[in-house]
Every structure is written in C-alpha cells, then in structure tokens.
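Residues per chain are reported as follows:
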Amino acid sequence: MESVSLCLDEPPEVVNAGVGVHGASTAHEVFRLPDLWQLHLYSYVGRLSVEGAVHTIRPGRVSLIPPDTEAHFHYRGKSQHLYAHVRLRRVGTGQSVPLMQDAGSEGPLMAGLLRHAVAALPVSAARASAEVWTVLWHIAQLTGSDEPGHRHSAVTLAQAYIEEHLAEPLPVPVIARAARVSHTHLTRLFRAETGLTVIAYVRHRRLERARHLLQSSTLSIPAIATAVGIADLQAFNKACRRGLGAGPRAVRATALR
C-alpha cells in the first residue's frame, strides 16, 4: 500500500494518543486496529511493511495506516514515536495521501500539536480532536507534486502569504519568492489549480474580505479599503462595483436588509 484516501471534512475522534516505545524486547511487531487509523510521527530508523509495500522509517517521517490494515514494524533497538489512534468518518471527498512521507519543515509543528493532543486527551477529548485534526490537514497538504488530485505546496504557500498580506502591495514576484518558486512557475501552477491568474486571485480575495468586513463589522469604509490593500477610495469603490456588483455602501446595506 503506497497511498490512502483521507476524508477531513469532519474532525476525527481521538481514541488514544501518546508516545509509543518499541523494539526493546523484539525487532518485529505486527499491528492491526480493526476500526481506527494509526497516525505515527517517527523519531527512529526502521522499516514499515503494509500490504507488501515497504517504507523506510526515519526521524521526521509521518505515516497514516487505515483501519483493519496489518502493519509490520521492524526496529533497530529501542524505538520511539508520537502516535494517535483515531476514528474518521468518510464524509466529503477523499484526498489521496502517501501512506508514508517526510514531514520536512512541518515536523516540529506536527510534533508540538501531537504532544498537545496527548496532554489534552485525559481532560478534553474535543481539544485533542482539534489538535489531531490540524495535524491531519498538514499531512494532507505535505505533497507538493504535480500529480492529479494533489495541491502543489507552492500554491498553498502562495495563498497563505496572500491571506497574511492583503493590506500590502502584492506583486507576483514577491508572492513567488514566498512560495519558493519562480514567477513563471507559480503563474502556471496557480492557473492550473485555481483557474485564475495570481493577480485575479489576489483581487478576488481582497474583495471577499471587503464584503465580509462591510457586512459583518462596523469598521468604516476607508478603514476597510486600507485593510484590503486598496486604500484609494475611488479605486476601492470601482473595485467593489466591478467585483461585488455594487458600491461599498450598497454592499453594507444588503446586510442590514
């Protein structure tokens, strides 16, 4: 087994979480959880075999093993990992995720979230669920390939940068630098995944945030214009009419009605 189908539209139920310590008394163990997923974040070197596929275990790698799947772990002495055993409902569209992959720069963040889940579980199952749900979303977005069904990590990074900097100028080369790809490559990836150019996506996100602030807050229109990076009121008025179908005052009035 090389990949799994992960549904994350609803939070997981965390049944158990902790630090697993293995390999002290035996070099080979077999695990199968009939109803639960196994999530492991490793800090040792070993080998995992699932349905004939062999995966190398290294520090910083993360694996997801579906319910009722026999997993063979091969250790090289005392071995430790963070784990969570979770129940997931098959709600929404499943995402194809590699069974084993490198967490990379996300590893420390995931480790921290899992440790929070371990600590929270005895007192708050809801908090543990929230922590593990976040880890699962990070895992689902680790893969940065161009394969169908996968979001490229550069697009994810670019979108995150855009959301954090909507109030600032957002030239495409700056966004591309934050996404760690060239201007040309980001443009191609963005159009393939969103159907929009980077500039059109930025415009769309600015206007959606403006709509939210106009209809859900008492913030002044000039302050909203500045908050979404279109400080010139005439330009903001034109952008709202073009993108939202009405000027700022009219958009705000729709919420009152």
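Going by the structure above, here's the rest.
It should be emphasised that the depicted structure is a prediction, and the values quoted were computed from it without experimental measurement.

(A) Geometry of the overall build of the chain. When you go through the chain residue by residue, the secondary structure sums to nine helices and eleven strands. Taken over the C-alpha trace, the chain has a radius of gyration of 23 Å; the compact-globule value for 257 residues is 18 Å, which it surpasses by more than 25%. Counting only C-alpha atoms and orienting by the principal axes, one finds that the chain spans roughly 75 × 45 × 25 Å. The buried share among the 257 residues of the chain stands at 43%. Looking at the chain alone, contacts between residues at least 24 apart form 71% of all its contacts between residues at least 6 apart. Entry remark: accessible area of the chain is about 13,200 Å², with carbon and sulfur atoms responsible for 52%. Side-chain charges in the chain split into 27 positive and 20 negative, and the spacing between the mean points of these groups amounts to 10 Å.

(B) Representation of the sheet that holds strand E2 (residues 13–22) within the structure. Taken together, the five strands give an open sheet; going across it, the order is E2-E9-E4-E7-E11, and neighbouring strands pair in antiparallel fashion. Edge strands, defined here as strands with exactly one partner in the open sheet, are E2 and strand E11 (100–102). Neighbour-to-neighbour, the strand axes of the sheet open up by a mean angle of 20°, direction not taken into account. Pairing between strand E4 (residues 37–42) and strand E9 (residues 79–87): six bridges, direction antiparallel.

(C) Here's a closer look at helix H3 (residues 153–164). Between its terminal C-alpha atoms H3 stretches 17 Å, which fits the 16 Å expected from twelve residues at 1.5 Å a residue. Listed in full, the buried residues belonging to H3 are Ala154, Val155, Thr156, Ala158, Gln159 and Ile162.

(D) Just unusual backbone geometry, in detail. Even without glycine at this site, Asp68 takes up a positive phi of about 55°. Inspection of the secondary structure puts Asp68 in the loop between strand E7 (61–65) and strand E8 (71–74). The phi dihedral of Arg180 falls on the positive side, at around 65°, and the residue is not glycine. The topology assignment puts Arg180 in the loop between helix H4 (172–179) and helix H5 (183–194). For Arg180, a relative accessible area of 65% corresponds to the exposed category.

(E) Highlighting the packing of aromatic side chains. Per the counting criterion, the structure on display carries five aromatic pairs. Relative to Tyr44, the ring of Tyr42 has its centre 5.5 Å away and its plane inclined at 90°; by these criteria the two rings are edge-to-face. By relative accessible area, which is 3% here, Tyr42 ends up buried. Among the aromatic side chains, those forming a connected cluster through ring pairs are Phe31, Tyr42, Tyr44, Phe73 and Tyr75.

(F) Here's a closer look at helix H8 (residues 233–244). The first and last C-alpha atoms of H8 sit 15 Å apart over twelve residues, in line with the 16 Å expected at 1.5 Å per residue. Residues of H8 that are buried: Phe236, Ala239, Cys240 and Leu244. The buried side chains of H8 occupy one side of the element, clustering within an arc of 100° when seen end-on. Exposed residues lying more than 90 degrees from the buried face of H8 are Gln234, Arg241 and Arg242. For H8, the side-chain oxygen to backbone nitrogen distance between the N-cap and Gln234 is 3.1 Å, and the N-cap itself is Asp232. Looking one or two residues past H8, Gly245 carries a phi angle of roughly 85°, positive in sign.

(G) Expanded view of the sheet that holds strand E5 (residues 46–50). Strand order in the open sheet formed by four strands is E3-E8-E5-E6, and the pairing between neighbours is antiparallel. Each edge of the sheet is formed by a strand with only one pairing partner; in this case those strands are strand E3 (28–31) and strand E6 (53–57). When the angles between neighbouring strand axes are averaged without regard to direction, this sheet yields 20°. Inspection of the sheet shows E5 paired to E6 by five bridges, in the antiparallel sense. Pairing of Arg47 across the sheet is with Thr56, part of E6.

About the criteria used
- Every chain is numbered on its own, with residues counted from 1 as its sequence reads.
- This being a predicted model, a pLDDT of at least 70 is required before a residue's local features are given, and a value of 80 or more before pairs of side-chain atoms are given or counted; all residues contribute to the totals for chains, interfaces and linings.
- Where side-chain values are given, they derive from all heavy atoms of the structure, hydrogens and water being excluded.
- Helix and strand definitions follow DSSP, with helices as H or I runs of at least four residues and strands as E runs of at least two, each counted in order from the N terminus.
- Computation of the radius of gyration draws on C-alpha atoms alone. For the globule rule, the value is 2.2 Å times the number of residues to the power 0.38.
- A simple rule labels every residue: compare its accessible area, found with a 1.4 Å probe on the protein chains alone, to the largest value its type can have, and call it buried under 20%, exposed over 50%, or partly exposed in between.
- Residues are treated as being in contact if the distance between any of their heavy atoms lies within 4.5 Å.
- The protein chains shown are the only cover counted for residues, whose accessible areas, like all others here, come from Shrake-Rupley with a 1.4 Å probe.
- Positive charge is attributed to Lys and Arg, negative charge to Asp and Glu, and no charge count is given to His or to the chain ends.
- Where a charge sits is defined by one atom per residue type, namely NZ (Lys), CZ (Arg), CG (Asp) or CD (Glu).
- Strand pairing is defined by DSSP finding a minimum of two bridges between the two strands.
- Convention adopted: a line fitted to C-alpha atoms gives each axis, helices being fitted over their contacting stretch, and angles between N-to-C directions are expressed from 0 to 180 degrees.
- Between the first and last residue of a helix there are one fewer steps than residues, each counted as 1.5 Å, and that sum is the expected span.
- The aromatic pairing rule takes the rings of Phe, Tyr and Trp, using the six-membered ring of Trp, and pairs them if the centres are within 6.5 Å, calling planes under 30 degrees apart stacked, those over 60 edge-to-face and the rest tilted.
- Taking the helix axis as origin, the arc is that swept by the directions to the C-beta atoms.
- The term polar contact refers here to a pair of N or O atoms within 3.5 Å; inside protein, the definition further demands a hydrogen-donor-capable atom paired with an acceptor-capable atom, and it admits residues adjacent in sequence only when both atoms are side-chain atoms.

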